[in-house]
Amino acid sequence: DRADLVLVPSAYCRDSMCRDHDADPSKLHLIPLGANLVPESDIDSAEISVPMSGGELELVVTAADPVRKRVTLCADVTEVLASRGWRTRLHYIGPHHKICDRNVVEWAGQLDHGVASDRQRHREILRRAHLAILPSISEMYGIAPIESAAFGRPSIVSEVGGLTTVVQDGVTGRCLPVDTPVSGWADAVESMIIPAERYRACSAAALHRYHQELNWGAWGRRVGGLVEELVGN
């Protein structure tokens, strides 16, 4: 009630502030957060490899909470894609989980961005991956898809919480109903990469949106402008 500005990162949070906390909509401003891991140099979308039918297909999931983010489903999707003829691999960044024993999974461990070698390892994974996958049961926001977008990699995520703000369905990736079966996730992955032109367009759109909106510089400029306007009044 005392706030002059209420800043939220997603439409999900904005709606909750109004519905659950009686926030004044005129004071609410939706300002997406930025990526915490970015490339060391600019990404050229023309350099991003495009998965070819029956060829290599590399996915990545970053999950500090592997249960809520459903890494088991990620591994299941990867195996279904392998059964369809893709040479698939799932890069998993997070604590040890039983999926680490699956042949399609490459476990990177828990990477600490405060450690230079871990930051570099994470960057290498994102440069090798074609798509990020995050089928969370719930998500307040979703930093991992933004970090993938910073490398020009689209994301396929659950249609929950802030993920629908982070990923624009059909433009920078896909947002699927949380109860979508494994086969439906695999279908959605294939629909993003075939034909190749669709993947290129999605990749370029993800990279463009990162540069325009999903970075801390853009966040700071928008917040600074609001504060200056408030103080000026």
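Our subject in this report is the structure included herewith. (Residues numbered from 1 in each chain as written. Predicted model: local features only at pLDDT ≥ 70, side-chain atom pairs only at ≥ 80, totals over all residues. Heavy atoms only, no water.)

1. A look at the overall build of the chain
Within the chain one finds eight helices and eight strands. Over its C-alpha atoms the chain spans a radius of gyration of 18 Å, differing by no more than 12% from the 17 Å that the globule rule assigns to 233 residues. Dimensions along the principal axes, computed over C-alpha positions, put the chain at roughly 60 × 35 × 35 Å. A separation of at least 24 residues holds for 64% of the contacts in the chain among residues at least 6 apart in sequence. Carbon and sulfur atoms provide 50% of the accessible area of the chain, an area that totals close to 11,100 Å². Both charge centroids of the chain, one from 24 positive and one from 31 negative side chains, sit 2 Å from each other. (Helix = DSSP H or I, 4+ residues; strand = E, 2+ residues; numbered from the N terminus. Rg over C-alpha atoms; globule rule 2.2 N^0.38 Å. Contact = heavy atoms within 4.5 Å. Areas by Shrake-Rupley, 256 points an atom, 1.4 Å probe, with all protein chains shown as cover. Lys, Arg positive; Asp, Glu negative; His and termini not counted. Charge placed at Lys NZ, Arg CZ, Asp CG, Glu CD.)

2. Describing the packing of aromatic side chains
Summed over the entire model, instances satisfying the criterion amount to one aromatic pair. For the pair W216 and W219, a centre-to-centre distance of 5.6 Å together with 75° between the ring planes defines the contact as edge-to-face. Remark: W219 and W216 occur in helix α8 (residues 216-232); sequence separation between them is three residues, near one turn of the helix. Assessed through its relative accessible area of 37%, W216 is described here as partly exposed. Taking the relative accessible area as the measure of exposure, W219 reaches 27% and is therefore partly exposed. (Phe/Tyr/Trp six-rings, centres within 6.5 Å; stacked < 30°, edge-to-face > 60°. Buried < 20%, exposed > 50% of the residue type's maximum accessible area, 1.4 Å probe, protein only.)

3. So, unusual backbone geometry
Cis geometry marks the peptide bond from I194 to P195; its omega dihedral reads 0°. Summarising the element assignment, P195 is placed in the loop between α6 (182-193) and α7 (196-212). Here D22, not a glycine, exhibits a phi torsion of approximately 55°, which is positive. Structurally, D22 is set in the loop between α1 (11-21) and β2 (28-30). With a phi close to 55°, R70 is a non-glycine residue in the positive phi region. Summarising the element assignment, R70 is placed in the loop between β3 (56-62) and α2 (71-83). Classification of R70 by relative accessible area gives buried; the value is 18%.

4. Things to note about the pairing of strand β7 (residues 155-158)
Look at any regular strand and the pattern is simple: side chains alternate between the two faces of the sheet. With three bridges joining them, strand β6 (residues 131-134) and β7 adopt parallel strand pairing. Paired with L134 across the two strands is V157, which belongs to β7. On the question of chirality, the crossover connecting β6 to the parallel β7 by way of helix α4 (residues 143-150) is right-handed. (Pairing = 2+ DSSP bridges. Right-handed = clockwise from strand over helix to strand, strands pointing away.)

5. With respect to the packing of α6 against α7
For any two helices packed against each other, one specifies the crossing angle of their axes together with the interaxial distance. Contact pair α6 / α7: the axes reach a minimum separation of 5 Å and the direction vectors enclose 90°. The orientation of α6 relative to α7 falls into the category roughly perpendicular. Of the residues in α7, those in contact with S191, M192 and I193 of α6 are A196, R198, Y199 and C202. When its residues are assigned to classes, the contact of α6 with α7 shows five nonpolar, one polar and one charged. (Axes fitted to C-alpha atoms, helices over the stretch in contact; angles between N-to-C directions. Parallel < 35°, antiparallel > 145°, perpendicular 65-115°, else oblique. Nonpolar A, V, L, I, M, F, W, Y, C, P; charged D, E, K, R; others polar.)

6. Some details on the nonpolar core
Counting 59 residues, the largest nonpolar core has V61, L90 and I133 as the members making the most contacts within it. Listed in part, the five residues of the second largest apolar core include V8, C13, A23 and L28. (Core = buried A, V, L, I, M, F, W, Y, C linked by side-chain atoms within 4.5 Å.)

7. Details of the sheet that holds strand β4 (residues 87-93)
Spatially, β5-β4-β3-β6-β7-β8 is the arrangement adopted by the six strands of the open sheet, whose pairing is parallel. Two strands close off the open sheet at either side, each with one partner strand: β5 (105-109) and β8 (173-176). The average undirected angle you get between the axes of adjacent strands in this sheet is 20°. Along the sheet, α2 makes contact with β3, β4, β5 and β6, crossing β4 at roughly 165°. Along the sheet, helix α3 (residues 116-128) makes contact with β3, β4 and β5, crossing β4 at roughly 150°.

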